[in-house]
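The primary structure of each chain is shown beneath.
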Amino acid sequence: MTHTLLLYCLVFLLPTESCRTLCQVANKSKEMSPRPQGVCDGVCVDNSHCSQPCPPDSQGNMGFLCRQKKWHKITETCQTLNAFNIFETNLYSIQPLGGNTKVDEYARKPETITDRLMQTCPKDLSCVIRNIRQSPRIPGNIAVIVQLLHNISTVLLTDVDVAKMKSYSIMANHILNSKSISNWTFIPDRNSSCVLLHSVNSFARKLFINKYPIDISDVFIHTMGTAISPDNTGKNFSFSMRVNDTSSEITGQVLISRDELRKVPAPSQAISIAFPTLGAILKASFLENVTVNGLVLSVILPKELKRISLIFEKINKSEEKRTQCVGWHSLESRWDQQACQIIQENSQQAVCKCRPSKLFTSFSILMSPHILESPILTYITYIGLGISICSLILCLSIEALVWGQVTKTEISYLRHICIANVAATLLMADVWFVVASFLSGPVAHHSGCVAATFFVHFFYLSVFFWMLAKALLILYGILIVFHTLPKSVLVAALFSIGYGCPLVIAAITVAATEPGKGYLRPEACWLNWDMTKALLAFVVPALAIVVVNLVTVTLVIVKTQRPAIGSSMFQEVRAIVRISKNIAILTPLLGLTWGFGIAMVVDDSNLAFHIIFSVLNAFQGFFILVFGTILDPKIREALKGRVTSAKWISRISENLSTDFSGHPTKGPS
């Protein structure tokens with residue numbers, strides 16, 4: 001209020017003594033009626049709102065929300081900058097002229113800050129810098145400066161020189177300060193940080209570069225630019241900046257290859273801008289659960305340049321964090337993985353290949369807050385896979401050994417075809433999983449990674465579709481007489497379901513997502529989730545089959561509660577019951593396994609989900625051996641018979657060898 005009265009004194013040319021009197025009255029009234037700040041007077045009821053005025057020297061208000069019986073500030077519009085005091089004081093000083101006083105002509109016009117700025121100091125925009133620098137970085141002031149920068153970038157269509165860029169950079173630097181990050185959270189307009197980024201990029205696009213490179217460096221924004229031509233051997237911009245006052249500097253580089261430069265017309269120019277704090281500001285503004293782990297690098301390039309390389313030094317150098325190369329989607333105001341792909345990574349830095357365009361001009365790397373790897377998970381996975389592979393090999397060996405004894409009826413023959421193929425497909429899936437794990441990821445072995453992921457996807461799907469084939473076999477046996485169709489037709493139908501359907505799904509998935517680089521995860525050889533949700537091409541069919549199988553088992557229980565003992569179909573009914581028991585055990589295990597797989601995708605930070613999924617997934621082969629083979633009484637009988645036969649054959653061989661050697665066997669006494 002005091003500042004407002006002083007301004008009125010200047011505008012209306014009041015005598016000095018009158019001004020002093022008014023100011024004293026204002027100060028006295030301020031002391032007599034203090035206002036509580038940062039707290040609401042009303043009763044705090046959960047989800048209720050209240051508003052409080054800002055401190056006396058600022059305009060605006062603060063909004064609060066009641067949570068858990070406490071008031072929490074959610075918005076603030078407090079500001080000290082306005083169209084009058086943002087300009088330097090001498091522009092409004094009272095100048096004597098013929099015994100009278102005169103106020104600057106702009107003070108009497110209802111113009112915006114930008115209009116006055118363009119009229120007052122159009123050459124270098126410097127007439128607001130001092131007061132902006134001295135202003136507190138409170139939410140309202142940040143919003144005023146963001147709007148000013150946006151308006152300047154809109155008003156100035158051309159002729160942006162180094163002087164203007166320096167002033168613009170100083171203004172932006174003030175609100176990009178690391179000490180202001182928390183205040184961005186309270187700006188009512190969540191898009192303010194996005195507007196700032198767009199405004200800086202738009203203003204830099206109008207910057208004209210002569211034959212000499214430019215280098216405009218402030219603490220929290222650094223702009224570099226140079227002329228480029230097809231004859232250049234390559235260009236790079238190197239930045240080194242501090243994220244805050246206490247941290248060491250981190251680096252970032254923009255690399256333009258010689259092959260790309262050959263595409264640009266002459267003359268052309270390239271500009272890059274680095275922001276060390278903008279990533280944290282964007283996170284604070286949009287309340288996202290992602291952390292920018294490097295500089296934000298903007299590039300202003302000719303449209304002919306389609307690919308650039310970016311090198312980001314990591315702020316957090318933890319090896320347990322997943323890194324993603326991303327571009328800022330200017331229309332949707334979010335980080336997008338489709339703009340970039342990671343080329344190389346270690347604990348210190350990440351190398352990205354990005355595609356600049358009208359939508360994507362700013363790039364960085366994200367750090368997932370979730371733990372990716374644990375020694376426990378690694379041990380469980382590889383030990384379990386070893387046991388699983390050995391179990392499946394043993395399962396197939398047993399099936400081959402007793403095949404003639406356990407496939408005498410048609411239903412038994414079809415059942416064991418299903419069991420053998422479930423084991424074979426899971427064995428191949430495990431083998432390809434091991435192959436994929438030994439590849440160093442999509443970056444170094446992209447083609448190999450695509451192939452490994454395709455086969456892992458195909459064979460894991462085949463496991464479920466062969467389980468579905470078993471369920472359909474049960475339904476066929478219950479609802480239709482088995483002998484109405486030839487055995488060859490039934491076998492062909494089973495193979496079509498077990499291998500044909502998975503092949504179609506896996507082929508469509510890779511064909512639809514790989515051209516856009518959305519087939520693989522950035523960090524592993526497996527189906528992508530974040531970009532294209534390609535993982536659904538496995539999860540949805542698998543869980544649908546689990547549901548169908550459980551319904552089938554329920555139907556079998558209902559239909560076979562009281563079988564007709566004397567029926568000619570008694571053997572078939574017993575076989576169906578055995579298949580049903582097999583499915584009743586294996587289906588929940590497989591379904592539970594991939595149920596935890598979905599939970600792991602939804603809540604990637606939960607280590608318990610990772611461990612349970614790894615245990616169930618790694619030991620699936622062991623489960624199939626135990627519940628599909630060893631616990632089958634028919635197989636145990638056949639094995640016992642083979643062992644007994646082997647003993648008799650061994651004894652006969654010994655006797656024969658003794659006879660041929662000329663030593664008769666001892667007869668009965």
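Structural data are supplied above this passage.
So, here is what we can say about the structure in this document. (Residues numbered from 1 in each chain as written. Predicted model: local features only at pLDDT ≥ 70, side-chain atom pairs only at ≥ 80, totals over all residues. Heavy atoms only, no water.)

On to the state of the cysteines, then. Counted according to the given criterion, the structure contains six disulfides. There is a disulfide in this structure between Cys-44 and Cys-66, and the S-S distance comes to 1.9 Å. Across the disulfide from Cys-44 to Cys-66, rotation about the S-S bond amounts to roughly 100°, and the bridge is consequently right-handed. Linking Cys-44 in the loop between helix 2 (16–32) and strand 1 (49–53) with Cys-66 in strand 2 (residues 61–67), this pair joins segments that are 22 residues apart in sequence. Both residues of the pair, Cys-44 and Cys-66, belong to the buried class. Linked covalently through their sulfurs, Cys-340 and Cys-354 form a disulfide whose S-S length is 2.1 Å. (Disulfide = S-S within 2.5 Å. Helix = DSSP H or I, 4+ residues; strand = E, 2+ residues; numbered from the N terminus. Buried < 20%, exposed > 50% of the residue type's maximum accessible area, 1.4 Å probe, protein only.)

Further remarks concern the nonpolar core. Counting residues in hydrophobic clusters, the biggest one holds 55 residues, and the most contacted among them are Trp-466, Tyr-519, Leu-527 and Phe-538. At the level of secondary structure, the elements contributing two or more residues to this core comprise helix 11 (375–406), helix 12 (410–438), helix 13 (446–479), helix 14 (487–513), helix 15 (536–559), helix 18 (620–630) and helix 19 (633–660). (Core = buried A, V, L, I, M, F, W, Y, C linked by side-chain atoms within 4.5 Å.)

Strand order in the open sheet made by the five strands is 8-9-13-17-16, with antiparallel pairing throughout. Looking at which strands have only one partner, the edges of the open sheet turn out to be strand 8 (235–242) and strand 16 (340–345). Going from strand to strand, the sheet's axes swing by 20° on average, the running direction of each strand aside. (Pairing = 2+ DSSP bridges. Axes fitted to C-alpha atoms, helices over the stretch in contact; angles between N-to-C directions.)

Where helix 6 (residues 162–175) meets helix 8 (residues 192–205), the closest approach of the two axes is 11 Å, and the angle between their N-to-C directions is 170°. The angle between helix 6 and helix 8 falls in the class roughly antiparallel. Two packed elements cross with a definite hand, and for helix 6 against helix 8 that hand is left-handed. Where helix 6 abuts helix 8, its residues Lys-164, Met-165, Tyr-168, Ala-172 and Ile-175 lie against Leu-196, Ser-199, Val-200, Phe-203 and Ala-204. Its residues placed into classes, the contact of helix 6 with helix 8 shows eight nonpolar, one polar and one charged. (Parallel < 35°, antiparallel > 145°, perpendicular 65-115°, else oblique. Left-handed = near helix turned anticlockwise from the far one by under 90°. Contact = heavy atoms within 4.5 Å. Nonpolar A, V, L, I, M, F, W, Y, C, P; charged D, E, K, R; others polar.)

In total, this model carries seven salt bridges according to the counting rule given. For Lys-263, the salt bridge is made with Glu-260, and the minimal N-O distance between the two is 2.9 Å. Given the relative accessible area of 43%, Lys-263 is considered partly exposed. Residue Glu-332 pairs with Arg-334 through a salt bridge whose shortest N-O separation is 2.5 Å. Since its relative accessible area comes to 30%, Arg-334 is described here as partly exposed. Through salt bridges with shared partners, a single network forms among Glu-332, Arg-334 and Asp-336. (Salt bridge = Lys/Arg side-chain N within 4 Å of Asp/Glu carboxyl O.)

Attention now goes to unusual backbone geometry. The phi dihedral of Asn-47 is positive, around 70°, even though this residue is not glycine. Structurally, Asn-47 is set in the loop between helix 2 and strand 1. For Leu-125, which is not glycine, the phi torsion reads 60° and is therefore positive. For Leu-125, the position within the fold is in the loop between helix 3 (113–120) and helix 4 (129–134). The exposure class of Leu-125 is buried, given its relative accessible area of 0%.

Further remarks concern the sheet that holds strand 1. Pairing between sheet strands relies on hydrogen bonds along the backbone, with the strands arranged either parallel or antiparallel. Reading across the sheet, the three strands line up as 1-2-3 and stay open at both edges, with antiparallel pairing between neighbours. At either margin of the open sheet sits one strand with a lone partner, and together these are strand 1 and strand 3 (70–76). Along the sheet, successive strands turn relative to each other by an average axial angle of 35°, direction set aside. Relative to strand 3, strand 2 runs antiparallel, the two being bridged by six bridges. By the bridge assignment for strand 3, Leu-65 is matched with His-72.

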